[in-house]
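# Coordinate inspection notes
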Amino acid sequence: MVKAYHVHVEGIVQGVGFRPFVYRIAHEHDLRGFVKNLGDAGVEIVIEGHEGSIKSFLHDLKNKAPPLAKVEKIKIKEIPFQGFDRFYIEKSSNSGGGEGDSVIPPDVSICEDCIRELFDPKDKRYLYPFIVCTNCGPRFTIISDLPYDRPNTTMKDFDMCDFCRSEYEDPLNRRYHAQPVCCPVCGPRYMLFDKNGVELSGDPIKKAAKLLDEGHILAIKGVGGIHIACDATNEGAVRELRKRILRPQQPFAIMAKDLNTIESFAHVSELEKEELLSYRKPILTLRKKEPFPLPEDLAPGLHTIGVMLPYSGIHYLLFHYSKSPVYVMTSANYPGLPMVKENEKAFKELKDLADYFLLHNRKILNRTDDSVIRFVDGKRAIIRRSRGFVPLPIEIPFEYKGIAVGAELLNSFSIAKNGKVYPSQYIGNTSKLEVLEFMREAIRHFKKILRVKDIELVIADLHPLYNTTKLAMELANEHDVEFLQVQHHYAHAATLMVENNIEEIIAITLDGVGYGVDGKTWGGEVLYLSYEDIERLAHIDYYPLPGGDLASYYPLRTLIGILSKVYTLDEVREIIEKHCPRAIESLKYGKVEFNVVLNQLSREINVGYASSTGRVLDAMSVLLNIAYRRTYEGEPAMKLESFALKGKNDLKFVVPVEGEEIKIENLFIQALESNANPVDIAYSTHLALARAFGEIAVENAKEFGVKAIGVSGGVAYNELIVKTLRKIVETNNLKFYITQEIPRGDNGISVGQAFLGGLYNEGYLSKEDLTL
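We now turn to the structure provided with this report. (Residues numbered from 1 in each chain as written. Predicted model: local features only at pLDDT ≥ 70, side-chain atom pairs only at ≥ 80, totals over all residues. Heavy atoms only, no water.)

### Section: the overall build of the chain
What counts, and what does not: Under the scheme used here, helices are H or I runs from DSSP no shorter than 4 residues and strands are E runs no shorter than 2 residues, and both carry numbers assigned from the N terminus. Our radius of gyration is a C-alpha quantity, and the globule rule it is checked against amounts to 2.2 Å times the number of residues to the power 0.38. The rule is simple: take the accessible area with a 1.4 Å probe, protein chains only, and divide by the maximum for that residue type; under 20% is buried, over 50% is exposed, in between is partly exposed. Between two residues, a contact is recorded if the distance between any of their heavy atoms is within 4.5 Å. Computed with a 1.4 Å probe, the accessible areas rest on the Shrake-Rupley method; for each residue, only the protein chains presented here act as cover. Positive residues here are Lys and Arg, negative ones are Asp and Glu, while His and the chain termini are left out of the count. Charge coordinates come from a single atom per side chain, which is NZ of Lys, CZ of Arg, CG of Asp or CD of Glu.
The helix and strand tally for the chain stands at 25 helices and 30 strands. The C-alpha radius of gyration of the chain comes to 28 Å, within 12% of the 28 Å expected for a compact globule of 772 residues. Burial status across the chain gives 64% buried among its 772 residues. In the chain, the proportion of contacts linking residues at least 24 apart, taken out of those at least 6 apart, comes to 72%. For the chain, the exposed surface amounts to about 29,000 Å²; the carbon and sulfur share of it is 48%. Between the averaged position of the 94 positive side-chain charges in the chain and that of its 105 negative side-chain charges there is a distance of 5 Å.

As C-alpha cells, then:
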C-alpha cells in the first residue's frame, strides 16, 4: 500500500552530511519526496512510497546516520499522498520559528580521506591546507547564524569555482553541502609575513617550516585562533619563547607529528590513544617517560606533558616540510588575555612575541581554544572544554530558558534551553576587561545561533566582586528577568548530579577558592545536595590567610597562617627560617615582607579565613621546597602532586575530624616531625587528606541513607586524591561519582549553576537554600 509521511528530525543534523544521507537511503528504498533543512528546527522529510519501504527507510534513519550526526527526536505523521515523481533535496529555510533544538556540530579534525587527498599529487587539492569535506573541517568557528549554509559562514567571502560547486551540488559526493569546501583556485590562502607586516615571497608554508627548523618563533593562524609555535626539540627556542610570552613556568602545549612520536616521550594508555585520535584532537595531558627526551622547560616541575596531534591541513603540511617531529603550539596571547584571532591584531599585539606570521585570509568568527583533557584514575577528566566539544549540549531535567555566567577564572558560560544546557567555548579569566568583552560577544552569538530570545533567569556566583556577577545583573536588567546567585561549591556539586542523572549526593568539593555563604573562602567541603535540600556537613577548619588573595600568589602566606594555628609566631618564624628559607626570598619584598606578614597576623590586619584544599596543598608545596610562587593557576599544588607521585611509603599521617571541622594543621605538625624522605611526606599528605574527606563523606552518606558520593572542583584532577577517595567509597559499598563530560574545575561551574537555576525555577529550592 502506498503511503505518505511527514518526518521531523531534531538533533545534530546540520553540517554533518545528514541531508545527503537521507537522499541516499530514500533512493535505496525507492521512495519519493524531499528533505529540507529547517535551521534551528532541524530537518524536515516528506516521503511517499510502499509502506514496507518506508518502514525500512525509518529504521535506517534512526540507526545508520552519519558518524558526526546525533538524532535526538523523530516525529512522524501520516499526511495525504501528493504524488512526487522523485526524491530531492529542497533549499534550506528557517521556518522553525526560532525555538527548535537542532545545533551545528563542533569543529572536526581533518578526516583520513582528506589527508590522503592532501598528499596525492593527482588531486586538485594537493598540498592545499584548507581541504575539507562533509565529514570534517571547521563548523562553530566560522558560523554566524543558522541554518548552517555557506552564506551564514565566513566562507561567504569566497565564491566557489565550477569544480567545487559541482561537488558541492552533487548529493552523492563526499563534499555535498560541505560549507567550507574550496580549492586553491577559489579558497582562502596562507601568507607569510615578517614582524613588520611585509609579505615574503615563495611557498609560505614550506618557508614557515624552514624558519621553525631554524629556531624562529612563529604566529600561526589556524581553526579557532592563532597559535605561537616553535621547534619543541630546540631548548634555546623554548627558553626564548618563555621569556617573550611572560610564562616563566606554565607548561606549554605541544603538537606531535604522529602517535609514534608521542609514544617516544610519553606513556599512552589505550583510552588515551582513543582520545588523542578522536575527531576532537584535544590537548591530552600525558605522563612523561623517564628520561624525558625533550626540553624539561616545556613543562618544568611536572610529571606530565600536554600534547595533541595535527587536526587541520596546515599542521600536516608544516610537519611534511619540517625536520622537527614536535612543535610548541600554544595560544597566542599574553597571560590572562584572550587568544588573538584577527590578522590586524596579530601584528599589533604579537609583534614582540613572534619573528614571523603565517596567516590566512579567512575570518575566524568564534574564537575557540584547544580543549584540554587528562585521564585521572582511568577516567576522562576535561580541564578545558572548547574546540571539538562546543556547541554540543548537556541534558538537564528542566525546560526553562536561562543564562549561567560561571565564576571568574577558567570561565565559561552556559545557556539553558528546552531541557538542555549549552556550555560555551573556553572564555578565560574574566577579571580582565578584554576577556569580559569577549564573553559578552560570545553570549550574544550563542543566543543568536540557539535562537534564545525570552530568558527567564540569569544565574551567577555568590561572589559580589566578580565581573561575571555584575555582568549577570546587567543581563537580568536587559531582559527584565530575575537574577539568582548560587554558592560556588553548590554549583560544583550540582555538576555531579547533572552528568550522572542522580537526585541526591554527598559531594566532596575541593578547590582553591570559592566565596562562602559566610563570606569566608571555601574550598574543602563535604555537602549534601538533593532536589530539595543543601547542607554543608563538614569542611576544613578555617585557617588565616594574611593578605587575603595575596596568599594565592605567595603560598608562604598560607603556610604561615596554617602554622599560626598551632605555633606561636616566634615559632613560626623559626620553622620557616629553618625548613624553607628560600620561600622568604620569593616574597616581593623578601624579609621585610615576611616580617610584615607576621605582624599582620599578630594584629589581625587584612587577614582572611579559608577552608581551601588548594591552598593547603600550596602551603605544603612551600614547606617541602617545591614551589614558592604561583605563576599560573594551580601551579604549587600541581608540582606537589608530581613530586608526591615519586613517593612509595605511606607514613600514615592522620587528619583528625572534630565535629564538622577537618583539622589540617595536624598534617603540618606531622610533616615537620617526620624525618622521612620529602617525596614520601608529599605522598602521605595526599593520602591523609583524601582519607579524612572520604571517611567523613561515608559517615554522612550512611547517616543520610545516600548511596552516592562524588568529588568535584579543581582538586578532582589530582590522581592520588581521587583514587584514594574512590577506594574508600567503594570499600563501603557506595557508588563513587565523578564527571567525564563536564569539566571538574571552574570551566564547568556554569553547568552546575544552570542546573541549580532549574531547581529554583521549578520551586524545589529557594534563594535562601542557594546562598545561606
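### A short note on the pairing of strand 10 (residues 283–287)
Our working definition: The pairing criterion is simple: DSSP has to find at least two bridges between the two strands.
Of all the 5 residues making up strand 10, 4 are buried; the element is thus mostly covered by neighbouring parts of the structure. The sheet contact formed by strand 10 and strand 14 (residues 372–376) spans 3 bridges and is parallel. Within strand 14, the residue paired with Thr285 across the bridge is Arg374. Relative to strand 11 (residues 304–308), strand 10 runs antiparallel, the two being bridged by 4 bridges. Note that in strand 11 the partner of Arg287 across the bridge is Thr304.

### With respect to the environment of Asp258
Going by this rule: Within 3.5 Å is the distance limit for a polar contact, defined as a pair of N or O atoms, with the added protein rule that one can donate a hydrogen and the other accept it, and that residues adjacent in sequence qualify only through two side-chain atoms.
Along the chain, Asp258 falls in the loop between strand 9 (254–256) and helix 7 (259–263). Residue Asp258 is classed as partly exposed on the basis of its relative accessible area of 31%. A C-alpha to C-alpha distance of 8.1 Å links Asp258 and Pro325, two positions 67 residues apart in sequence. Polar contacts involving the side chain of Asp258 include one to the side chain of Thr261, which spans 2.7 Å.

### Remarks on the pattern of salt bridges
Should their charged atoms come close, side chains of opposite charge can pair. To keep it simple, the criterion reads: Salt bridge, as used here, is a side-chain nitrogen of Lys or Arg placed within 4 Å of a carboxyl oxygen of Asp or Glu.
If you walk through the whole model with that rule in mind, you get 49 salt bridges. Among the ionic pairs, Asp113 bridges to Arg116, the shortest N-O distance being 3.0 Å. Residue Asp113 and its partner Arg116 are both found in helix 3 (residues 112–118); the two are separated by 3 residues, about one turn of the helix. For Arg116, a relative accessible area of 53% puts it in the exposed group. Arg189 is the salt-bridge partner of Glu199, the closest N and O atoms lying 3.5 Å from each other. Here Glu199 is found in the loop between strand 6 (190–194) and helix 5 (204–213), whereas its partner Arg189 is found in the loop between helix 4 (162–168) and strand 6, with 10 residues between them in sequence. Each of Asp113, Arg116, Glu117, Arg125, Glu167, Arg174 and Arg175 takes part in a single network of salt bridges with overlapping partners.

### So, the sheet that holds strand 7 (residues 218–221)
We count it as follows: The axes are straight lines fitted to the C-alpha atoms, using for helices just the contacting stretch, and the angles between their N-to-C directions are given from 0 to 180°.
The strand order across the open sheet formed by 10 strands is 6-13-7-8-12-9-11-10-14-15, and the pairing between neighbours is mixed. Pairing within the sheet leaves two strands with one partner each, and these edge strands are strand 6 and strand 15 (379–384). Here the average twist between neighbouring strands, direction ignored, is 35 degrees. With 3 bridges connecting them, strand 7 and strand 13 (residues 356–360) associate as parallel partners. Within the sheet, the bridge partner assigned to Leu218 lies in strand 13 and is Tyr356. Contacts from helix 5 reach strand 6, strand 7, strand 8 (226–231), strand 12 (326–331) and strand 13 within the one sheet, and its direction differs from that of strand 6 by about 45 degrees.

### Here we look at the sheet that holds strand 3 (residues 43–50)
Spatial strand order, 4-1-3-2-5: 5 strands in an open sheet with mixed pairing. The two strands at the open ends of the sheet, each matched to only one other strand, are strand 4 (70–78) and strand 5 (87–89). Adjacent strand axes in the sheet meet at a mean angle of 20 degrees, parallel and antiparallel pairs treated alike. Helix 1 (residues 18–28) contacts strand 1 (2–12), strand 2 (32–37), strand 3, strand 4 and strand 5 of the sheet and is inclined by roughly 175 degrees relative to strand 5. Lying over the sheet, helix 2 (residues 51–63) contacts strand 1, strand 3 and strand 4, oriented at roughly 150 degrees with respect to strand 3.

### As for the packing of aromatic side chains
Under the convention used in this document: Each pair of aromatic rings taken from Phe, Tyr and Trp, with Trp reduced to its six-membered ring, is defined by centres within 6.5 Å and is described as stacked if the planes are under 30 degrees apart, edge-to-face if over 60, and tilted in the remaining cases. Over a ring means this: the NZ of a Lys or the CZ of an Arg is within 6 Å of the ring centre and within 35 degrees of the ring normal.
Per the counting criterion, the structure on display carries 19 aromatic pairs. In textbook terms, an aromatic cluster arises when at least three aromatic residues are bridged by ring pairs, as seen for Phe398, Tyr531, Phe755 and Tyr764. A cation over an aromatic ring shows up here: Lys735 above the ring of Tyr737, its NZ or CZ 5.9 Å from the ring centre.

### Some remarks on the packing of helix 16 (residues 569–579) against helix 18 (residues 590–603)
Stated formally: Geometric relationships in this document are graded by angle, where less than 35 degrees denotes roughly parallel, more than 145 denotes roughly antiparallel, 65 to 115 denotes roughly perpendicular, and other angles denote oblique. A crossing counts as left-handed when the near helix is turned anticlockwise from the far one by less than a right angle, and as right-handed when that turn is clockwise. Amino acids outside the nonpolar list (Ala, Val, Leu, Ile, Met, Phe, Trp, Tyr, Cys, Pro) and the charged list (Asp, Glu, Lys, Arg) are all regarded as polar, and Gly is one of them.
At a closest axis distance of 11 Å, the pairing of helix 16 and helix 18 adopts a crossing angle of 150 degrees. As judged from the angle between their axes, helix 16 and helix 18 are roughly antiparallel. Note on packing geometry: the crossing formed by helix 16 with helix 18 is right-handed. Taken together, the residues of helix 18 that come into contact with helix 16 (itself represented by Leu569, Val572, Arg573, Ile576 and Glu577) are Lys591, Phe594, Asn595, Leu598, Leu601 and Ser602. Looking at the contact of helix 16 with helix 18 residue by residue, the classes come out as 6 nonpolar, 2 polar and 3 charged.

### Concerning the pairing of strand 19 (residues 420–423)
A two-sided burial pattern is seen for strand 19, the buried positions comprising Lys420 and Tyr422 on one face and Val421 and Pro423 on the other. Relative to strand 19, strand 16 (residues 394–395) is paired through 2 bridges, and the arrangement is antiparallel. By the bridge assignment, Ile394 is partnered in strand 19 with Val421. Taken together, the 4 bridges between strand 18 (residues 414–417) and strand 19 define a ladder with antiparallel strand orientation. Note on strand 19: the bridge partner recorded for Ala416 is Val421. Hairpin remark: strand 18 followed by strand 19, antiparallel, with 2 residues in the connecting loop; positive phi at Asn418, about 50 degrees.

### Considerations on the packing of helix 15 (residues 556–563) against helix 21 (residues 665–673)
Look at helix 15 against helix 21: their axes get within 9 Å of each other, and the N-to-C directions meet at 95 degrees. What the angle tells us is that helix 15 and helix 21 run roughly perpendicular. Where helix 15 approaches helix 21, its residues Leu559, Ile562 and Leu563 are matched on the opposing element by Glu665, Phe668 and Leu672. Split into classes, the residues belonging to the contact of helix 15 with helix 21 amount to 5 nonpolar, no polar and 1 charged.

### Structural notes on the nonpolar core
This is how the line gets drawn: Only buried residues count toward a nonpolar core, which is a set of Ala, Val, Leu, Ile, Met, Phe, Trp, Tyr and Cys residues joined through side-chain atoms within 4.5 Å.
Core analysis: the biggest nonpolar cluster contains 109 residues, and Phe18, Val22, Ile45, Ile47, Phe57, Leu61 and Leu318 have the highest contact counts within it. It is helix 11 (residues 433–449) that contributes the most residues to this core, 8 residues altogether. The contacts of Ile47, once residues within four sequence positions are left out, are Lys3, Ala4, Tyr5, Val7, Leu31, Arg32, Ile54, Phe57, Leu58 and Phe87. With 81 residues, the next largest nonpolar core counts Ile506, Ala538, Ala682 and Phe693 among its residues.

### Comments concerning helix 15
Burial analysis of helix 15 places 8 of its 8 residues in the buried class, which makes it a mostly covered element. Residues of helix 15 that are buried: Leu556, Arg557, Thr558, Leu559, Ile560, Gly561, Ile562 and Leu563.

### Regarding a nonpolar patch on the surface
Convention followed: By definition, no residue in a patch forms a salt bridge, and every one has over 30% relative accessible area; like charges are joined within 9 Å, nonpolar side chains (Val, Leu, Ile, Met, Phe, Trp, Tyr) within 5 Å.
Together, Tyr589, Val592 and Val596 line one region of the surface with nonpolar side chains, adding up to about 330 Å² of accessible area. Here Val596 lies in helix 18.

### Examining the environment of Arg125
Checked against the element boundaries, Arg125 lands in the loop between helix 3 and helix 4. On the accessibility criterion, Arg125 (1% relative accessible area) is buried. Along the chain, Arg125 and Val715 lie 590 residues apart, while their C-alpha atoms are 47 Å from each other. Contacts of Arg125, omitting those with residues within four sequence positions, involve Glu117, Leu118, Ile131, Phe163, Cys164, Glu167, Arg175, Val181, Cys182, Cys183 and Pro184.

### Some points on the environment of Glu349
Along the polypeptide, Glu349 turns up in helix 10 (residues 343–349). Looking at Glu349, the relative accessible area reads 38%, which means it is partly exposed. For Glu349 and Thr469, which are 120 residues apart along the polypeptide, the C-alpha to C-alpha distance reads 29 Å. When near neighbours in sequence (up to four residues on either side) are disregarded, Glu349 contacts Tyr334 and Val340.

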